[in-house]
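Inside the fold
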Amino acid sequence: MDIKNLEIHYIGLCDARKAEICECSFTDSDIHSCFMDYSKIHDSRWSNASFEKMYMEKCQFDEVNLNGSSFQNLSMNEAGIGNSSMSRAQFTSTALNECNFDNSTFSGSKFVRTDFSGVMIDESCDISGMTINGISVEALLKSYNDKENNGGQD
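None of the values given here were measured: they were computed from a predicted structure.

Here is what the cut-offs are and how they apply
- Residues numbered from 1 in each chain as written.
- Predicted model: local features only at pLDDT ≥ 70, side-chain atom pairs only at ≥ 80, totals over all residues.
- Heavy atoms only, no water.
- Phe/Tyr/Trp six-rings, centres within 6.5 Å; stacked < 30°, edge-to-face > 60°.
- Buried < 20%, exposed > 50% of the residue type's maximum accessible area, 1.4 Å probe, protein only.

1. Topic: the packing of aromatic side chains
Tallied over the full model, the rule gives 4 aromatic pairs. Here tryptophan 46 and phenylalanine 51 contribute two aromatic rings whose centre-to-centre distance is 5.3 Å and whose plane-to-plane angle is 40°, an arrangement assigned as tilted. Judged by relative accessible area, which is 44%, tryptophan 46 ranks as partly exposed. Where phenylalanine 106 meets phenylalanine 111, the ring centres are 6.1 Å apart and the plane angle is 50°; that geometry is what we call tilted. We classify phenylalanine 106 as partly exposed; its relative accessible area is 41%. Residue phenylalanine 111 is classed as partly exposed on the basis of its relative accessible area of 47%. In this structure an aromatic cluster arises from ring pairing among Phe101, Phe106, Phe111 and Phe116.

Okay, structure coming up:
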């Protein structure tokens, strides 16, 4: 069935499997209790939208603009994030346990009340300008290496 140029105020208990919905406005709509498994949503605008109590396991997001968005109470276990910009993002009360950061930039970032226990930073990382409690990490490592190279003596 083709439906065009129709003003709809309520849709309920319908089966729209394999439907193609395009060039529609759902502005100020309340969409709830919908099953959208294996659906493809593209070329769509969701400005100022609210997503609550969503089950979005194994979803793929590509070329998505989330500037100014807010995320709370998320579960992103085993999520993959790549080729992404999170400049000036704020992470508060966020668990990043057993994560890998490869070819990532933390330049100018600040970590406060953060648990770094068990964190490994290898020699391929650029630590220039990095400080801990105002002390240069480069200077600390240089001092440590000089001491090690002198047999542990100053």
